[in-house]
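Overview (structure and organization)
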Amino acid sequence: MNFFTPALLHWHAHHNQRTLPWKGIADPYKIWLSEIILQQTRAEQGRPYYERFTEAYPTVHDLARAPEDEVFRLWQGLGYYNRCRNLLATARTVSEDLGGKFPETYEGLLALKGIGPYTAAAIASFAFGQPHAVADGNVYRVLARYLGIFTPPATTEGKAVFSGKANALLEKNDPAAWNQAIMDLGATVCTPQNPRCAVCPLHRHCYAFQKNAIAELPARMAKAPLRQRFLHYLILEAGGEIWLSRNDDMAGIWRGLYQPFLIEANEALDTKTLAAHPDFRKLAPDVGALQYEGHLQRKLTHQALDIRFFRLRVSGKPAVLSGNGLWTRPDHIAQLPLPKPIALFFEKKAYF
Ligand code: SF4
């Protein structure tokens, strides 16, 4: 018998104080919902979203039937909107094709949109007691430090190494407890900075603690440089209405969300240089003078965004604007799903 698993489970049974609204539940729909919300999102940030979603859509059928704009509106602020698109697609598959029942096997779960190895293992173990170990950032950290694994977990090789170790250590008689225990230990004791080794149940045999190697583990990959983008949003106003269009760019970060008229450039433009831009000139001759309204910086995982807002009153509605857009009253904007920085701008400027 290894030392790791009994020590971890003893700690979980007697000292684990972490409380989360989705902890201990066995409903695969709610487990799935929490796991999708928590991908790339901290538990504390995800908690209110989980509560809003489960209140608005208590069952997978409710979510499957919900209008897309409404679901995106509820998701607003979590980012990574592909997750929301996949969430809806999978809700519809489960509701319409599988009679509302999630598959009970790891492989069956993996076949659903937006469900990768981690989420499939979480649902399979928490809802159905299947022996699959989860491997997320918390698990990688505990295992890298405890076992002294210097392969970066973000690599393909690393993922295979960590998944193999986790499954070898997993308590097969109670995979749900083991998975919950290691994730909670990583989140509350073996934290990225200043881990609390003195109260850690593993410290007696922990490689990093014994060898003073905590700062080096888990090993990191060199970061790819951020792509810098300059987005200029023109708030077009005509007859008390504002123009917003749905972003249908397949490669776009905010696909499916509404945004004002966008001009993207290789550098930040001021009112003069923006007015000379070919996309701006397409709006002519019906437009007035540009007015600078504000500026935001945002960092995403792979992109740095420089976002500038300009206001432009137009006497008529420019013919070039058509397709997937709409003219809307300012008090209706809050009903539409918007990227967070754009929602912030409208809120700050008291449009709604
Ligand atoms: S002893 Fe410290 S470094 Fe090792 S697993 Fe526990 S908290 Fe993490």
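Residues numbered from 1 in each chain as written. Predicted model: local features only at pLDDT ≥ 70, side-chain atom pairs only at ≥ 80, totals over all residues. Heavy atoms only, no water.

Here the focus is the pairing of strand S6 (residues 303–314). Burial runs high along S6: 10 of the 12 residues are buried. Note that strand S1 (residues 227–238) and S6 share 11 bridges and pair parallel. Residue pairing across strands places arginine 229 opposite leucine 305, the latter belonging to S6. (Buried < 20%, exposed > 50% of the residue type's maximum accessible area, 1.4 Å probe, protein only. Helix = DSSP H or I, 4+ residues; strand = E, 2+ residues; numbered from the N terminus. Pairing = 2+ DSSP bridges.)

Counting residues in hydrophobic clusters, the biggest one holds 89 residues, and the most contacted among them are Phe4, Trp32, Phe53, Leu63, Trp75, Trp178 and Phe346. If one sorts the elements of this core by residue count, helix H8 (residues 117–128) sits on top with eight residues. Mapped onto the domain boundaries, this core takes at least three residues apiece from domain 1 (4–216) and domain 2 (227–348). In this structure, Leu236, Ala238, Trp243 and Phe280 belong to the second largest nonpolar core, which totals 17 residues. (Core = buried A, V, L, I, M, F, W, Y, C linked by side-chain atoms within 4.5 Å. Domains from an automatic or database assignment.)

Attention shifts here to the domain arrangement of the protein chain. As assigned here, the protein chain comprises domain 1 (4–216) and domain 2 (227–348). Inter-centroid distance (C-alpha atoms) of domain 1 to domain 2 is 37 Å. With 10 residues of domain 1 at the interface, the matching set in domain 2 holds 16 residues. The interface formed by domain 1 and domain 2 contains two salt bridges. Here aspartate 69 and arginine 246 are joined by a salt bridge, their closest N and O atoms 3.6 Å apart. (Contact = heavy atoms within 4.5 Å. Salt bridge = Lys/Arg side-chain N within 4 Å of Asp/Glu carboxyl O.)

Here the focus is unusual backbone geometry. Omega for the peptide link from leucine 217 to proline 218 comes to 0 degrees, which places this bond in the cis form. You will see that asparagine 194, though not glycine, has its phi angle at about 45 degrees, which is positive. On the basis of relative accessible area, asparagine 194 is assigned to the exposed category, the value being 68%. Look at asparagine 212: it is not a glycine, yet its phi comes out positive at around 55 degrees. Note on placement: asparagine 212 falls in the loop between helix H12 (207–211) and S1.

Quick look at the pattern of salt bridges now. With the rule as written, the count across this model stands at 14 salt bridges. A salt bridge links lysine 23 to aspartate 184; its shortest N-O distance comes to 2.7 Å. Of this pair, lysine 23 sits in the loop between helix H1 (4–14) and helix H2 (28–38) while aspartate 184 sits in helix H11 (residues 175–188), placing them 161 residues apart in sequence. Given the relative accessible area of 22%, lysine 23 is considered partly exposed. Residue classification places aspartate 184 among the buried positions, given a relative accessible area of 0%. The partner of glutamate 68 in a salt bridge is arginine 246, and the shortest N-O contact between them spans 3.4 Å. In this pair, glutamate 68 is assigned in helix H5 (residues 68–75) and arginine 246 in strand S2 (residues 241–246), connecting sequence segments 178 residues apart. Beyond isolated ion pairs, a larger network of salt bridges with shared partners links Glu68, Asp69, Arg246 and Asp248.

On inspection of all chains with the given rule, the structure shows 15 aromatic pairs. Ring geometry for tyrosine 29 against tryptophan 32: centres 6.0 Å apart, planes inclined by 40 degrees, an arrangement best described as tilted. With tyrosine 29 and tryptophan 32 both in helix H2 and three residues apart, this pair spans about one turn of that helix. Judged by relative accessible area, which is 4%, tyrosine 29 ranks as buried. Relative accessible area serves as the criterion here: at 0%, tryptophan 32 is assigned to the buried category. (Phe/Tyr/Trp six-rings, centres within 6.5 Å; stacked < 30°, edge-to-face > 60°.)

Right, let's get into the packing of helix H3 (residues 43–56) against H5. Where H3 contacts H5, the axes come no closer than 10 Å and their chain directions differ by 155 degrees. Relative to H5, H3 is oriented roughly antiparallel. Contacts between H3 and H5 involve Tyr49, Arg52, Phe53 and Ala56 on the former and, on the latter, Val71, Leu74 and Trp75. Taken together, the residues that form the contact of H3 with H5 break down as six nonpolar, no polar and one charged. (Axes fitted to C-alpha atoms, helices over the stretch in contact; angles between N-to-C directions. Parallel < 35°, antiparallel > 145°, perpendicular 65-115°, else oblique. Nonpolar A, V, L, I, M, F, W, Y, C, P; charged D, E, K, R; others polar.)

Attention now goes to the packing of H5 against helix H6 (residues 81–97). Where H5 contacts H6, the two axes come as close as 10 Å, and the packing angle between them is 135 degrees. Here H6 runs oblique to H5, going by the angle between their axes. Of the two possible hands of crossing, H5 and H6 adopt the one that is right-handed. Counting all contacts with H5, which are made through Glu68, Val71, Phe72 and Trp75, the residues of H6 involved are Tyr81, Arg83, Cys84, Arg85, Leu87, Leu88 and Arg92. Residues of the contact of H5 with H6, tallied by class, amount to seven nonpolar, no polar and four charged. (Left-handed = near helix turned anticlockwise from the far one by under 90°.)

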